[in-house]
Amino acid sequence: MREGRIIKALSGFYYIQTPEKDVYQTRPRGIFRKRNETPLVGDKVKFTFETDKEGTLEEIMPRENELSRPSVANVDLGFVIMSVKDPDFSTSLLDRYLVSLEQHHIRPVIYITKTDLTTEEEYDSAENLAEIYTAIGYKVILPDQHEQVSPATLQERFGDLVKDKLAVFMGQSGAGKSTLLNSLDPELKLKIGETSKSLGRGKHTTRHVELVPLLGGLIADTPGFSAIQFDELDAKDLSACFPEIWEKGKDCRFSGCIHQNEPNCAVKKAVEEQAIAAFRYDNYLSLIEEIQNRKPRYGKKRGK
Ligand SMILES: Nc1nc2c(ncn2[C@@H]2O[C@H](COP(=O)(O)OP(=O)(O)OP(=O)(O)O)[C@@H](O)[C@H]2O)c(=O)[nH]1
Ligand SMILES: [Mg+2]
Ligand SMILES: [Zn+2]
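Residues numbered from 1 in each chain as written. Chains lettered and ligands numbered in written order. Predicted model: local features only at pLDDT ≥ 70, side-chain atom pairs only at ≥ 80, totals over all residues. Heavy atoms only, no water.

Asks: Just to check I follow, could you spell out the domain arrangement of the protein for this structure?
Replies: Where the parts come together, the accessible area they lose is often given as the size of the interface. Considered domain by domain, the protein is made up of domain 1 (2–61), domain 2 (67–221) and domain 3 (235–292). Distance between the C-alpha centres of domain 1 and domain 3: 44 Å. (Domains from an automatic or database assignment.)

As structure tokens, then:
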């Protein structure tokens, strides 16, 4: 029995990389299907091998965490890749990605792409947003407006962030996830797609999750998505996914305050005093309402 990590899942095969960097193409044992258990990219696993290329996936080690969109296990770091335009920047979408990571206690990093396409004014507003999110406590990477992209400058920018970690790149289709990975390592030659000019949307070029060795760790390129559901999140737990709201919420009159309609709410006061950005609070409120209006789910969580 050998140990490794699933780096790719495709057409019923699981590709397992060993610590020595050998890759085996494996089929899972029937027992996984019987138990309704699906191996995920990122899983640490045990496998047996028949040849030096093929084998059988025998056992999945316990997971530290599990993201469902993108579908990856044992994630240390989530890069939210947001384009300033094509597709347009949306704080409401950004906040949804952040919540989906915060919910799983995965550290988010915000990376802004396509700054080369901006006017001065658009770049200024991107800088302004970067400042707001930095003040909240997030690491934000905002490239210069007209910089020469090279693997060396990018590697310097990422520094040791990814070293020994499993990171995922997540974001809308067309945001530039695969492009950024190719810029980090031109050997990768990941497929990239045009953004539709008329719709300003990406074309879902990346179709499966794949881990690539980069910057001393592993990074997952993932298919773009913008629909995020929060089926597992209760209204009372949402404020923990907004660090600045969580912090101010400690001073609320009621201990169970969800900062919606309660009197003497320290969060609402902070918004009035502009200590919390109004758009962040608005995004928080829309999510609270979405959760409150969610249809109750019956029965067990559906297996995938
Ligand atoms: N001008 C400019 N174009 C970019 C930049 N990054 C990506 N693009 C373009 O944006 C389009 C989409 O890029 P992709 O890397 O395929 O986007 P993706 O996020 O991987 O998209 P999916 O795989 O569909 O999720 C391509 O035409 C890229 O050339 C950038 O920094 N500047
Ligand atoms: Mg892609
Ligand atoms: Zn409150």
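Asks: Just checking my understanding: could you explain the coordination of the zinc ion (ligand 3) for this structure?
Replies: A metal bound by six donors in octahedral fashion has ideal angles of 90 or 180 degrees, whereas one bound by four tetrahedral donors has an ideal angle of 109.5 degrees. Distances from the zinc ion (ligand 3) to its protein donors, Cys-252 (SG), Cys-257 (SG), His-259 (ND1) and Cys-265 (SG), fall at 2.1 to 2.4 Å. For the zinc ion (ligand 3), the four donor atoms in the first shell make angles of 101 to 115° at the metal, so the coordination geometry reads as tetrahedral. Along the chain, the residues donating to the zinc ion (ligand 3) are arranged with the sequence spacing C-x4-C-x1-H-x5-C. Judged on exposure class, the residue Cys-252 and its partner His-259 are both buried. (Donors = N, O, S within 2.8 Å, 3.2 Å for Na, K, Ca; no water. Tetrahedral: all angles 85-135°; square planar, octahedral: opposite > 155°, others 65-115°. Buried < 20%, exposed > 50% of the residue type's maximum accessible area, 1.4 Å probe, protein only.)

Asks: What is the right way to read the layout of surface pockets from this model?
Replies: To find leftover empty space, one rolls a probe the size of a water molecule over the atoms. Looking at the second largest pocket, its volume works out to about 720 Å³. Forming the boundary of the second largest pocket are 37 residues, of which Thr-113, Lys-114, Ala-175, Gly-176 and Thr-179 lie nearest the centre. Breaking the lining of the second largest pocket down by element, the ones donating at least two residues are strand E9 (107–113), helix H4 (151–158) and helix H5 (177–184). Top element by residues in the lining of the second largest pocket is H5. It accounts for five residues. Residues that form the lining of the second largest pocket fall into these classes: nine nonpolar, 17 polar and eleven charged. (1 Å grid on protein atoms, 1.4 Å probe; cavity = no way out; pocket = protein on both sides within 12 Å on 5 of 7 lines; lining within 4 Å. Points joined across faces, edges and corners; volume = space filled by probe spheres on them. Helix = DSSP H or I, 4+ residues; strand = E, 2+ residues; numbered from the N terminus. Nonpolar A, V, L, I, M, F, W, Y, C, P; charged D, E, K, R; others polar.)

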